[in-house]
Protein chains: 2
Amino acid sequence: MQVAKPTIQQISEITGYSVSTVSRVLNGYSKQYRISEKAQELIKKKAEELNFKPNQMARGLRLKRTFTIGLVIPDIANPFFAMMAKHIEKAASLSDYSILLVDSDENTEKEKQQIKNMIARDMDGIIVAPVGSEKKHFTEIIERKIPLVFVDRYFENCEIPFVTSDNLQGGYEATKHLIENGHKRIGLIKGDTSTQPVLERLNGYRKALQEYGITLNSAYEIGDTFSIESGYQSVRTVLKLPQPPTALFAMSNLIGLGAIKAIKETDLNIPTDISLIVYDDQPYAAFLNPSITTVKQDSEQIGKLAVNYIFKKINNEKTDVLQVKLQTQIISRASVKKIK
Amino acid sequence: MQVAKPTIQQISEITGYSVSTVSRVLNGYSKQYRISEKAQELIKKKAEELNFKPNQMARGLRLKRTFTIGLVIPDIANPFFAMMAKHIEKAASLSDYSILLVDSDENTEKEKQQIKNMIARDMDGIIVAPVGSEKKHFTEIIERKIPLVFVDRYFENCEIPFVTSDNLQGGYEATKHLIENGHKRIGLIKGDTSTQPVLERLNGYRKALQEYGITLNSAYEIGDTFSIESGYQSVRTVLKLPQPPTALFAMSNLIGLGAIKAIKETDLNIPTDISLIVYDDQPYAAFLNPSITTVKQDSEQIGKLAVNYIFKKINNEKTDVLQVKLQTQIISRASVKKIK
DNA sequence: CTGAAAGCGCTAACAA
DNA sequence: TTGTTAGCGCTTTCAG
């Protein structure tokens, strides 16, 4: 029982009014064009009856707007990004915008290809958490003046707006927290080092150590992928050192999970034998035993600010280039032990 | 430095060939139309040079295809759905399809509204994990012959295709697992009871109890929302019973987290004082202490099958109505203790 | 082998 | 207060 999709044209024929009148009424320009009450009522009634919905392709073609925002995320299964995506979608849909979602799978090739796709599909704006290794495929977005904002990950010395956490601060405070609990041998389990957040967290880590006069030990800085597996391998390695760390700082929730696995397998106890702090707070962190001390990022705020900025750009409002680093917060739980 | 977006028209002017020829070449119809080598080369070269990408809105308007699949999920921050979404996106992008993502936030109103949106946007297919309370807003999708498939959640006695887990089996086996470990007083912490999976898991639970001659106790069946908070409150309540359960079966990973919180707060120990099994296996389950026994669902397969089916429908291949319930698997870990 | 032209459904400038 | 009409960029029929 296929129901033909009603068009403005059909409503025009049925009501006897022209397509322009129908269009005007349906787009809320009734008073502006002083459309008669009679026409308004009839048209609205018929549209309702037929369950009319304007064809967005036609509308978009004409208006050169798609009412959709492209979102490119390296791993939607990572709860940090999932939460961000949730709030981005929410903010967008509140303004009748939709989200075209891409999971780049931490793969630059897919990212490149899908950025092209987003351009071809005329996204009104694009939000991306770049994989991190390359950035020249973003220049076309900028040349075409398509509103673009990076979230979480971004590039240094670059005009592209971004919203992220203050990773320097986060790295610094996490490390400081460990130091203030008496730790001097602190292992840093890193994510993808081609990525700005990792670099800054690393800087924060070093800054804290130096401030407290602790000499850096490059063997304690290890890892290069945001995954459970990488966290696991890295921690296994670092625990085999002649002088293993007394505390670990894991750079993401996935890495943290891998770290816990490695620690368990080595028959070590958290926090008795080794302390742990994890970047990025996830619901389950509180339920692990011991509960895990984390660095909390405001993913909700990141998403909201990104969408807001895109909307401002879409509406041609003047704005400074948005380059925001949101404060992070240490959520102190039971995985860090005071020593000495 | 705004770069005009090249159109087929412009390429036509530059190369001196008509738009039709350009279109044919660019769409790979060169041999079919026996286009001259010369024309082919010139056109392709220019298109490449100008970084031409066909305008998808115009193309869609003409073709009446959008090359996009709508995905409506109740909570993208739930790792189960996130994982599913990841695989859906992956499968779709492999065929040059994109995903329009909606998070219905477990809210029927938003779901309704966004289903309308999907229709207005002419999705080539729609995949939805329905909130569960209502289904009549899906009829329009069906009347319009838009390929539709439900994932995870679905409706009974309904022609709409779905891919889900075998929730009856999952509920049955989880309960049986507990019973075989000596438990007779088993609390069932439910999710949204307007939802088919919850109903079936519940049936599986009851079936197992009856099979073993254990009388049902309605006070042990509690809860109605897929959330940490609901799991927490429900478990608190059930633990206050004069005869509290010796084992708990939590119907989702979020509910499981809430259960753990409540158990801890009551100063009970898992599994010494109380056993726990959780529906839906998530990476962190292995890292909780104790590690949690779970019912694993194949979210990857769910996603893939759903997308495949949509593609078959899009391509007008004949298929039976897809109504698949994938087997689940008990992942036995340390949260269930043998008693008596 | 190639081109002209219609038309997908909509908006908006222009005309009345 | 309303209608006519020209496109938006593309595909495809029909005509060479």
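Preceding this section is the structure that the text describes.
Conventions used here
Residues numbered from 1 in each chain as written. Chains lettered and ligands numbered in written order. Predicted model: local features only at pLDDT ≥ 70, side-chain atom pairs only at ≥ 80, totals over all residues. Heavy atoms only, no water. Near = heavy atom within 4 Å. Polar contact = N/O pair within 3.5 Å; in protein donor to acceptor, adjacent residues only side chain to side chain. Helix = DSSP H or I, 4+ residues; strand = E, 2+ residues; numbered from the N terminus. Buried < 20%, exposed > 50% of the residue type's maximum accessible area, 1.4 Å probe, protein only. Pairing = 2+ DSSP bridges. Right-handed = clockwise from strand over helix to strand, strands pointing away. Phe/Tyr/Trp six-rings, centres within 6.5 Å; stacked < 30°, edge-to-face > 60°. Lys NZ or Arg CZ within 6 Å of the ring centre and 35° of its normal. Salt bridge = Lys/Arg side-chain N within 4 Å of Asp/Glu carboxyl O. Axes fitted to C-alpha atoms, helices over the stretch in contact; angles between N-to-C directions. Contact = heavy atoms within 4.5 Å.

Caption draft 1: Region of the structure containing the protein's contact with DNA strand D. Near DNA strand D you find 29 residues, and of these A:Ser20, A:Arg34, B:Ile8, B:Arg59 and B:Arg62 are the closest. A distance of 2.5 Å is found between a sugar or linking oxygen of DNA strand D and a backbone nitrogen or oxygen belonging to A:Arg34. In this structure, a phosphate oxygen belonging to DNA strand D sits 2.6 Å away from a main-chain N or O atom of B:Ile8. Those elements that provide at least two residues to the surface near DNA strand D are α2 (19–26) and α4 (56–63) of chain A together with α2 (19–26) and α4 (56–63) of chain B.

Caption draft 2: Representation of the pairing of strand β6 (residues 186–189) of chain A. Residues and elements named next belong to chain A. Neither face of β6 is left uncovered, since the one carrying Ile186 and Leu188 and the one carrying Gly187 and Ile189 both have all their residues buried. Here four bridges tie β6 to strand β8 (residues 247–250), and the two strands are oriented parallel to one another. Across the sheet, isoleucine 186 pairs through a bridge with alanine 247, a residue of β8. In terms of strand pairing, β6 meets strand β7 (residues 221–222) through two bridges, oriented parallel. Its bridge partner being in β7, isoleucine 189 is matched across the sheet by isoleucine 222. Note on the crossover from β6 through helix α9 (residues 196–211) to β7: the handedness is right-handed.

Caption draft 3: Quick look at the packing of aromatic side chains. Residue and element names in this part refer to chain A. Scanning all chains against the criterion turns up 18 aromatic pairs over all chains. Ring geometry for tyrosine 154 against phenylalanine 162: centres 4.1 Å apart, planes inclined by 25°, an arrangement best described as stacked. Side by side, tyrosine 154 and phenylalanine 162 carry an identical accessibility label, which is buried. Ring pairing ties together the aromatic residues Phe67, Tyr97 and Phe311, which thus form one cluster. Geometry around tyrosine 33 places arginine 24 over its ring, the cationic atom sitting 4.5 Å from the centre.

Caption draft 4: Quick look at the pattern of salt bridges. Taken as a whole and judged by the stated rule, the model has 39 salt bridges over all chains. Ionic pairing is found between A:Arg206 and A:Glu221, a salt bridge with its closest N-O pair at 2.8 Å. Of this pair, A:Arg206 sits in helix α9 while A:Glu221 sits in strand β7, and the two are 15 residues apart along the sequence. For A:Glu221, a relative accessible area of 13% puts it in the buried group. Between B:Glu265 and B:Arg236 there is a salt bridge, with the nearest N and O atoms lying 2.7 Å from each other. Taken together, the residues span a long stretch of sequence, with B:Glu265 in helix α11 (residues 253–265) and B:Arg236 in helix α10 (residues 228–239) at a distance of 29 residues. By relative accessible area, B:Glu265 is classed as partly exposed at 41%.

Caption draft 5: Representation of the sheet that holds strand β1 (residues 68–73) of chain A in the model. If you walk across this open sheet you meet the twelve strands as β11(A)-β5(A)-β4(A)-β3(A)-β1(A)-β2(A)-β2(B)-β1(B)-β3(B)-β4(B)-β5(B)-β11(B), and the pairing is mixed. This sheet does not close on itself; its edge strands, each paired only once, are β11 (323–326) of chain A together with β11 (323–326) of chain B. With strand direction ignored, the average angle separating the axes of adjacent strands in the sheet is 20°. Note: strand β5 (residues 162–165) of chain A against β11(A), four bridges, orientation parallel. Looking at β11(A), one finds that A:Phe162 is bridged to A:Gln323.

Caption draft 6: Spotlight on the sheet that holds strand β10 (residues 293–296) of chain A. All names here are of chain A. Pairing is mixed across the open sheet formed by six strands, whose spatial order is β7-β6-β8-β9-β10-β12. Strands with a single pairing partner mark the edges of an open sheet, and in this sheet they are β7 and β12 (329–331). Judged from the three bridges that link them, strand β9 (residues 275–279) and β10 form a sheet pairing that is parallel. Counterpart to valine 278 in the pairing with β10 is threonine 294. Across the sheet, α9 lies against β6, β7, β8 and β9, angled at about 170° from β6, the strand it touches most. Along the sheet, helix α11 (residues 253–265) contacts β6, β8 and β9; its crossing angle with β9, the most-contacted strand, is approximately 160°.

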